[in-house]
Amino acid sequence: MDRISALRNIEEALRDFESGDSDLAATEQRVVTVLRTYATDFEGEEGLAPYQATGEGRAHGLVVVAESSADASDRIYDLLDEERGSLDFEVERL
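Residues numbered from 1 in each chain as written. Predicted model: local features only at pLDDT ≥ 70, side-chain atom pairs only at ≥ 80, totals over all residues. Heavy atoms only, no water.

Asker: Hey, could you go over the pattern of salt bridges for me, with residue numbers and the actual values?
Answerer: Inspection of every chain in the model, using the stated rule, returns 5 salt bridges. Ionic pairing is found between E82 and R58, a salt bridge with its closest N-O pair at 3.1 Å. Note that E82 is positioned in the loop between α3 (69–80) and β3 (89–93) and R58 in the loop between β1 (49–55) and β2 (63–66), a separation of 24 residues in sequence. Between R84 and D78 there is a salt bridge, with the nearest N and O atoms lying 2.7 Å from each other. A cluster of three or more residues bridged by salt bridges with shared partners is formed by E12, D16 and R30. (Salt bridge = Lys/Arg side-chain N within 4 Å of Asp/Glu carboxyl O. Helix = DSSP H or I, 4+ residues; strand = E, 2+ residues; numbered from the N terminus.)

Asker: Give me the lowdown on the pairing of β1, citing residues and values where you can.
Answerer: When a strand is regular, its side chains alternate between the sheet's two faces. The pairing of β1 with β2 spans 4 bridges and is classified as antiparallel. For P50, the partnering residue across the bridge sits in β2 and is V65. Across 5 bridges, the pairing between β1 and β3 is antiparallel. In the sheet register, A53 faces β3, and the bridge partner there is V91. (Pairing = 2+ DSSP bridges.)

Asker: With reference to specific residues and values, describe a negative patch on the surface.
Answerer: On the surface, a cluster of negative charge is made up of E56, D88, E90 and E92. Relative to the assigned elements, E90 resides in strand β3. (Patch = residues over 30% accessible without salt bridge, like charges linked within 9 Å, V, L, I, M, F, W, Y side chains within 5 Å. Areas by Shrake-Rupley, 256 points an atom, 1.4 Å probe, with all protein chains shown as cover. Lys, Arg positive; Asp, Glu negative; His and termini not counted. Charge placed at Lys NZ, Arg CZ, Asp CG, Glu CD.)

Asker: I'd like a description of helix α1 (residues 3–19), backed by residues and values.
Answerer: Compared with an ideal rise of 1.5 Å per residue, which puts 17 residues at 24 Å, α1 spans 24 Å between its outermost C-alpha atoms and is within 8% of the ideal. Of all the positions in α1, only A6, I10 and A13 are classed as buried. Along α1, the residues classed as buried sweep out an arc of 55° about the axis, all on the same side. Structural note: α1 exposes R8 and E18 on the side pointing more than 90 degrees away from its buried face. On its buried face, α1 is in contact with α2 (24–40). G20 occupies a position one or two residues after α1 and carries a positive phi of about 90°. (Expected span 1.5 Å × (residues − 1). Buried < 20%, exposed > 50% of the residue type's maximum accessible area, 1.4 Å probe, protein only. Arc of directions from axis to C-beta. Contact = heavy atoms within 4.5 Å.)

From the geometry alone we can't say anything about function, so treat these as descriptive.
What follows is the structure, given as structure tokens:
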């Protein structure tokens, strides 16, 4: 899924919510599904790819877009506002 398709799908989910055709929980689920699909199908600029953290604690399951696994690890530490090396996780390219 490209960025424009993702945005259109999110806009459609919001329209359905605003019109009363969808409740908040269903809208949230639709938006999460769009974001997960976008992240796993990401076709970004040269060198960028999605990476997912696996391991213990808060980092587990996080997905970020980065140029390398080292860059992805740094982004995860930044997102969680943690010191480098303070978390036990590995990153894997999706």
